[in-house]
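Secondary and tertiary structure notes
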Protein chains: 2
Amino acid sequence: MEKDLEYIELFEIYKDLLTEKQRELFSSHYLYDLSLSEIAEEEGGSRQSVYDAVKKVKKKLSEYENSLKIREKNNLLKALSEKTKDGETARAIREIIER
Amino acid sequence: MEKDLEYIELFEIYKDLLTEKQRELFSSHYLYDLSLSEIAEEEGGSRQSVYDAVKKVKKKLSEYENSLKIREKNNLLKALSEKTKDGETARAIREIIER
């Protein structure tokens with residue numbers, strides 16, 4: 001579940017780099033909570049093929065994060081904005097994260 | 001020239017998302033300063049085909065930046081680290097950018 005949340009965060013960051021099909025698949029499973037079997041039924045494929053496709057999307061998301069580290073940096077910046085005593089800088093950091 | 005520097009910065013950030021071939025092409029032209037004709041001669045293609053391929057790489061880099069805004073955020077963070085009077089936070093911001 002923790003791991004799922006991590007992928008959902010990565011999806012929010014990197015979804016523009018996925019294909020339309022991959023975005024639909026990921027959303028169906030992780031955001032709209034459809035089971036692999038339900039998606040397979042809808043798409044007319046097998047549960048195994050949906051499983052493989054979801055696995056491929058997750059691999060892509062992990063690769064993007066390994067290369068670009070946006071999630072990691074956002075988390076470090078968030079922690080920094082909570083730690084600094086300079087309120088204006090803290091606000092500015094949060095604004096940059098949200099862009 | 002200004003524009004070239006911008007693409008070189010984008011290349012440094014997003015190069016892992018390009019193919020090996022695209023990385024070679026971009027490096028030859030922008031980092032090793034080979035002309036399009038020189039690259040065409042080396043590769044055995046036409047100058048026009050090299051021009052088109054370089055243009056495609058630049059378009060890719062711009063698309064990545066439009067989606068992910070890493071360069072824009074890095075520049076904002078750099079400016080913020082120079083502006084803040086909190087030296088420790090400034091250092092921490094620069095360390096995060098460099099990751």
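The structure this text deals with has already been given above.
Residues numbered from 1 in each chain as written. Chains lettered and ligands numbered in written order. Predicted model: local features only at pLDDT ≥ 70, side-chain atom pairs only at ≥ 80, totals over all residues. Heavy atoms only, no water.

**Regarding the interface of chain B and chain A**
Counting residues at the interface gives 23 residues for chain B and 23 residues for chain A. For the pair chain B and chain A, the summed buried area comes to about 2100 Å², and 69% of that belongs to carbon and sulfur atoms. Three residues stand out in chain B for area buried against chain A, namely B:Lys73, B:Ile96 and B:Arg99, and they jointly supply 27% of the buried area on that side. At the surface where chain B touches chain A, the tally comes to four salt bridges. (Contact = heavy atoms within 4.5 Å. Buried area = accessible area lost by both parts, 1.4 Å probe. Salt bridge = Lys/Arg side-chain N within 4 Å of Asp/Glu carboxyl O.)

**Observations regarding the packing of helix H3 (residues 36-43) of chain A against helix H4 (residues 47-68) of chain A**
Residues and elements named next belong to chain A. Direction vectors running N to C along H3 and H4 enclose 110°, while the axes themselves pass 8 Å from each other. Here H4 runs roughly perpendicular to H3, going by the angle between their axes. Contacts between H3 and H4 involve Leu36, Ser37, Ile39 and Ala40 on the former and, on the latter, Arg47, Val50, Tyr51 and Val54. Residues that form the contact of H3 with H4 fall into these classes: six nonpolar, one polar and one charged. (Axes fitted to C-alpha atoms, helices over the stretch in contact; angles between N-to-C directions. Helix = DSSP H or I, 4+ residues; strand = E, 2+ residues; numbered from the N terminus. Parallel < 35°, antiparallel > 145°, perpendicular 65-115°, else oblique. Nonpolar A, V, L, I, M, F, W, Y, C, P; charged D, E, K, R; others polar.)

**Topic: the packing of aromatic side chains**
All names here are of chain A. Applying the stated criterion to the full structure yields six aromatic pairs over all chains. Aromatic pair Tyr14 and Tyr64: ring centres 5.8 Å apart, planes at 40°, arrangement tilted. Residue Tyr14 is found in helix H1 (residues 2-14), and its partner Tyr64 is found in helix H4; the two are separated by 50 residues along the sequence. Like Tyr14, the residue Tyr64 is buried in the burial classification. Grouping aromatic residues by their ring pairs yields a cluster made of Phe11, Phe26 and Tyr30. (Phe/Tyr/Trp six-rings, centres within 6.5 Å; stacked < 30°, edge-to-face > 60°. Buried < 20%, exposed > 50% of the residue type's maximum accessible area, 1.4 Å probe, protein only.)

**Section: the side chain of B:Ser28**
All names here are of chain B. Its location among the elements puts Ser28 in helix H2 (residues 20-31). Within the local environment of Ser28, its side chain forms a polar contact with the backbone oxygen of Glu24, the two atoms lying 2.8 Å apart. Excluding anything up to four places from it in sequence, Ser28 contacts Asp33, Leu34 and Ile39. (Polar contact = N/O pair within 3.5 Å; in protein donor to acceptor, adjacent residues only side chain to side chain.)

**Points about a negative patch on the surface**
All names here are of chain A. A cluster of like negative charges, contributed by Asp33, Glu38, Glu41 and Glu42, occupies part of the molecular surface. With respect to the helices and strands, the residue Glu41 is situated in helix H3. The class for Glu41 is exposed, based on a relative accessible area of 70%. (Patch = residues over 30% accessible without salt bridge, like charges linked within 9 Å, V, L, I, M, F, W, Y side chains within 5 Å. Areas by Shrake-Rupley, 256 points an atom, 1.4 Å probe, with all protein chains shown as cover. Lys, Arg positive; Asp, Glu negative; His and termini not counted. Charge placed at Lys NZ, Arg CZ, Asp CG, Glu CD.)

**Brief notes about unusual backbone geometry**
Phi angles above zero are rare outside glycine, and A:Lys69 is one such case at about 55°. With respect to the helices and strands, the residue A:Lys69 is situated in the loop between H4 and helix H5 (70-83). Note on A:Lys69: relative accessible area 26%, which makes it partly exposed. Even without being a glycine, B:Asp33 presents a positive backbone phi close to 60°.

**Structural notes on the relation of the copies chain B and chain A**
For the pair chain B and chain A, the best superposition has an RMSD of 0.0 Å and corresponds to a rotation of 180° with a translation of 0.0 Å parallel to the axis. The two molecules are tied by a two-fold rotation axis, judged by turn and shift. Measuring from the rotation axis to each C-alpha of chain B, the shortest distance belongs to B:Asp86, at 3.6 Å. Interface residue correspondence from chain B to chain A reaches 100%, placing this contact among same-surface, isologous pairings. (Least-squares fit on C-alpha atoms with pLDDT ≥ 70 in both.)

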